[in-house]
Amino acid sequence: MESKIEVLSTVKVDKSSDLYKVVSELNKTLKHQDLMFGLALDEENNNKMIFTIYRT
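(A) Examining the pattern of salt bridges more closely. Taken as a whole and assessed by the stated rule, the structure comprises five salt bridges. A salt bridge links Glu-44 to Lys-12; its shortest N-O distance comes to 3.9 Å. Note that Glu-44 is positioned in the loop between strand 2 (35–41) and strand 3 (48–55) and Lys-12 in strand 1 (residues 6–14), a separation of 32 residues in sequence. Under the relative-accessibility criterion, Lys-12 is labelled partly exposed at 46%. For Lys-28, the salt bridge goes to Glu-25, with nearest N and O atoms at 3.3 Å. With Lys-28 and Glu-25 both in helix 1 (residues 19–30), this residue pair falls three residues apart, about one helical turn. Look at the salt bridges and you will find they share partners, linking Lys-12, Asp-42 and Glu-44 into a network.

Conventions adopted
- Residues numbered from 1 in each chain as written.
- Predicted model: local features only at pLDDT ≥ 70, side-chain atom pairs only at ≥ 80, totals over all residues.
- Heavy atoms only, no water.
- Salt bridge = Lys/Arg side-chain N within 4 Å of Asp/Glu carboxyl O.
- Helix = DSSP H or I, 4+ residues; strand = E, 2+ residues; numbered from the N terminus.
- Buried < 20%, exposed > 50% of the residue type's maximum accessible area, 1.4 Å probe, protein only.

Here it is in structure tokens:
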């Protein structure tokens, strides 16, 4: 069975050293609702991060 991941929303935010903690808690809390959250550095601007919400 193939699982499909759908991007629901993406936003650029200011870089923060603790933002990964928020993403981790969201993933733990909302995984049973088929939601997943991601965080990545913006390749174009090292002072920004990209926060993404997925439906799994």
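That covers the picture; the talk isn't over yet.
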